[in-house]
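Residues per chain are reported as follows:
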Amino acid sequence: MLSCHAVLLFSTIITVSALSWQDLPPSGRAKSAFRKVKQEWISPNASVLAIEEDFEASFPYAEGNLTEYEYLPLAEQHIRLLRVARKGLAKDFSFELVHVVLNAAVIPYLAISYTWGDQTSTHSLFSSRDQRYLNVSPSVTAFLDTLLDVGDYATLWVDAVCINQQDPVEKGHQVRLMREIYHRAVQVVISLGSASVDSGLAMDFVESLRSGIEGLYQENKQILKEDLLRNLGLKFPDPTWTALRNLFDRPWFGRIWIIQEVVYGRRPVFVLGDRAVEWLSMAFVASRLFDQGLLSLVEYDHEDLTVQQHYPTGVRSIVEIHSARDIKQNKERESFQEMLMAFHHFGTTNEADKVFALLGLATDTTDTMLNPDYTISVEDVYIKTARHLLLRDQSILILHRAGVGFPNRNETLPSWVPDWRSFSEDNSFGTMHTIAGYRAGGEHTSGVSIGSTNDSLVFEGLLVDVVEQVGSVRTPLTDKVDHTVHQHNSEFFAWLIEAESMVEKLENRKATPLGTAAWYSKNETLNDALCRTLVANNILTNPSKLREHCGFWGQHIANLAENVSEPMSEERWKVVVAYDDACTRTTMGRKFFITRNGFMGVTSPGTLPGDAVAIFLGGKTPFITRDSLHAQGGHAFSTLVGEAYVHGLMKGEGLDLAQVRELEFR
């Protein structure tokens, strides 16, 4: 089962296949790979993509006689292919759009994966056959300029050109075909945009870094940064690492459509300027930076080490997509709910595509209720999808991204509907359950049924506790910090002190409805419970030593708060970093809270004292709910606030604390 959560992907092992140009020095392989792509598919001598002689156009055109290209309707199971030729250095391209049956296409084609970017038309493709022109965006012009030299021909599938973007019905039909479109292409070419000053250095470095890591890599053994730098003959900081960071920060890595394009595409290859890098090489490098604790190498600009950045988007995106690609190749089944939870943090131009772009990845999306519909509002897409999945599956996985307790949420949506637009990070407890073993609602079927109104649903569950005290919200980092500090600021110190104070008061309680104040003392101290709560009891670096690692981290935080510098071995530093990463993932954007029965936990920022702690049958975690201020038609409605980590209620312990009842939510 796929989880987007980074720690699950740390274990992804990628084997790089032997390449025909492997004997080249690593720094020269990117240029060689680019020449290989052009020789194989794009040059005039690439007979596999040869175009009829009458396709060749004569330049210049009499522009005054040209009319804009009009799309002809596509028959069922048909697609358009773009035949394009370059006739001059000044970005003069001639084109033809041909209709073919997808499953019987006899014309080999390349599928282009790229970033749409600004859709303002700045260039046109021209057709001398019917004296028409087709306006295209700068991003389309950029990759045509990269791939085609004067005299080159190619047959391509490019979504912005091959789909009539002004026809929402056609768009819906073509989206259903996109998995097959990319799968049937002879190769997927990933265009990362226009070359920059350091892009060539970065692309060359990917192969060098791969070779350097391979020379040190041993399964289940960490690579030390100093050993890698020595093996590469590099120092840190160095402009090479900054170039790699800039490469991984390119917009392509944040697009939601790239997941399907790469997962189903054949032999994906990155192209940037006159360099190309195969997918497997890029995936190997990204995975090892992730699982070997080497992300600090790409977290800084070499010219300013006083500012620590988050690691670039591309590293995580590649690892996540490669994991999904492995699952597809192993023919494992993945549900649509799992895909939505795993990849909702990727970005898209059209917010409805937060749903539609993932349809091709799941194995349970053939029912017509899930057909892409670009004629309705984004809100209606989200409501329709959530209602159908919750009722059909009798599984509430997507409920972990629902609730009014999250910021930037559209207030018109029912509380049980996820607003997929409001999340830029994948830190849901619902995606951690495969690693951490959460099963708060047991192994039961969820028991979801239609509510008494069009915008309500009924869930079977229990109300087990009440929120008594909540802390402040831990907000994203804004402070500039020294490079020796790992993801913290003064605001976090205040957040942590507040949580510790709440736990101290819990220790001083005489009794709770469940018995002694130290409810956790049967198995662990309150301090141990706090250590586990801060990371949602979910850390892979030797879980049996979590308490010890928490101690190392706590000492480090205390030293930072007092501006004390204490030398630390790299091995201990990696332990501190691992705990701190898990703590950030658990607590960022959330509140610490204490319940009436003496439980502690972490919850969404909209949680208030007096809210209820509910457990839904089949749910992975507890949820925070709120009584409605009104009743309608004799029915009392509740509001879902959001998911929560409640230490001591994550593995079914709460199922004996109350009776199961029907809870109706709007």
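Residues numbered from 1 in each chain as written. Predicted model: local features only at pLDDT ≥ 70, side-chain atom pairs only at ≥ 80, totals over all residues. Heavy atoms only, no water.

Before going further, it helps to examine the pairing of strand β15 (residues 591–595). Two faces belong to every sheet, and in a regular strand the side chains alternate between them. Taking burial as the measure, the 5 residues of β15 include 5 buried ones, the bulk of the element. Note: strand β12 (residues 457–473) against β15, 4 bridges, orientation antiparallel. Pairing of glutamine 469 across the sheet is with isoleucine 594, part of β15. Two strands pair when backbone bridges link them, and β15 and strand β16 (residues 600–603) are joined in this way by 4 bridges, in the antiparallel orientation. Directly across from isoleucine 594, in β16, lies its bridge partner methionine 600. Counted between consecutive antiparallel strands, the loop separating β15 from β16 contains 4 residues, among which glycine 598 sits at a positive phi close to 90 degrees. (Buried < 20%, exposed > 50% of the residue type's maximum accessible area, 1.4 Å probe, protein only. Helix = DSSP H or I, 4+ residues; strand = E, 2+ residues; numbered from the N terminus. Pairing = 2+ DSSP bridges.)

Tallied over the full model, the rule gives 22 aromatic pairs. When the ring of phenylalanine 459 is compared with that of phenylalanine 665, the centres are 5.9 Å apart and the planes differ by 70 degrees; the resulting orientation is edge-to-face. You can see phenylalanine 459 sitting in strand β12 and its partner phenylalanine 665 sitting in strand β20 (residues 661–665), a full 206 residues away along the chain. For the residue pair phenylalanine 459 and phenylalanine 665, the accessibility class agrees, reading buried in each case. Where phenylalanine 616 meets phenylalanine 623, the ring centres are 5.2 Å apart and the plane angle is 35 degrees; that geometry is what we call tilted. (Phe/Tyr/Trp six-rings, centres within 6.5 Å; stacked < 30°, edge-to-face > 60°.)

With their axes 8 Å apart at the nearest point, helix α10 (residues 279–291) and helix α11 (residues 313–329) run at an angle of 115 degrees to one another. It follows that α10 is roughly perpendicular to α11 by the angle criterion. Relative to α11, the crossing made by α10 is left-handed. Across the interface between the two elements, Trp279, Leu280, Met282, Ala283, Ala286, Ser287 and Phe290 from α10 touch Val315, Arg316, Ile318, Val319, Ile321, His322 and Arg325 from α11. Considering only residue class, the contact of α10 with α11 consists of 10 nonpolar, 2 polar and 2 charged. (Axes fitted to C-alpha atoms, helices over the stretch in contact; angles between N-to-C directions. Parallel < 35°, antiparallel > 145°, perpendicular 65-115°, else oblique. Left-handed = near helix turned anticlockwise from the far one by under 90°. Contact = heavy atoms within 4.5 Å. Nonpolar A, V, L, I, M, F, W, Y, C, P; charged D, E, K, R; others polar.)

Inspection of every chain in the model, using the stated rule, returns 24 salt bridges. When the shortest N-O distance is used, the salt bridge between glutamate 207 and arginine 210 registers 3.8 Å. Taken as a pair, glutamate 207 and arginine 210 lie in helix α6 (residues 199–214) at a separation of 3 residues, close to a single helical turn. Each of the two residues, glutamate 207 as well as arginine 210, counts as buried. Linking arginine 255 and glutamate 261 is a salt bridge whose minimum nitrogen-to-oxygen distance equals 3.4 Å. One exposure class covers both arginine 255 and glutamate 261, and it is buried. (Salt bridge = Lys/Arg side-chain N within 4 Å of Asp/Glu carboxyl O.)

Quick look at the side chain of arginine 474 now. Along the chain, arginine 474 falls in the loop between β12 and α16 (490–507). A polar contact of 2.8 Å, which involves the side chain of arginine 474, links it to the side chain of threonine 587. (Polar contact = N/O pair within 3.5 Å; in protein donor to acceptor, adjacent residues only side chain to side chain.)

Turning to the environment of isoleucine 376, a few remarks are in order. Inspection of the secondary structure assignment puts isoleucine 376 in the loop between α13 (353–356) and α14 (378–393). On a C-alpha basis, the gap between isoleucine 376 and proline 168 in space is 9.7 Å, while along the polypeptide they are 208 residues apart.

The topology assignment puts glutamate 261 in helix α9 (residues 257–263). The buried category is assigned to glutamate 261, whose relative accessible area is 1%. Here serine 113 takes part through its side chain, which lies 2.5 Å from a polar atom of the side chain of glutamate 261. At 3.4 Å, the side chain of glutamate 261 and the side chain of arginine 255 are in polar contact. Filtering out sequence-adjacent residues up to four positions away, glutamate 261 remains in contact with Ser113, Met178, Tyr182, Val188 and Arg255.

Here we come to the confidence of the model for the chain. Low pLDDT means the predicted atomic positions in that stretch should not be read closely. On average, the chain scores 83 in pLDDT, and the residues at 70 or more come to 84%. Segment residues 1–23: pLDDT under 50, and 77 contacts once partners within four positions in sequence are set aside and those in other chains are kept. Scored below 50 in pLDDT, residues 46–63 shows 41 contacts in the model against residues more than four places distant or in partner chains. (pLDDT = per-residue confidence, 0-100.)

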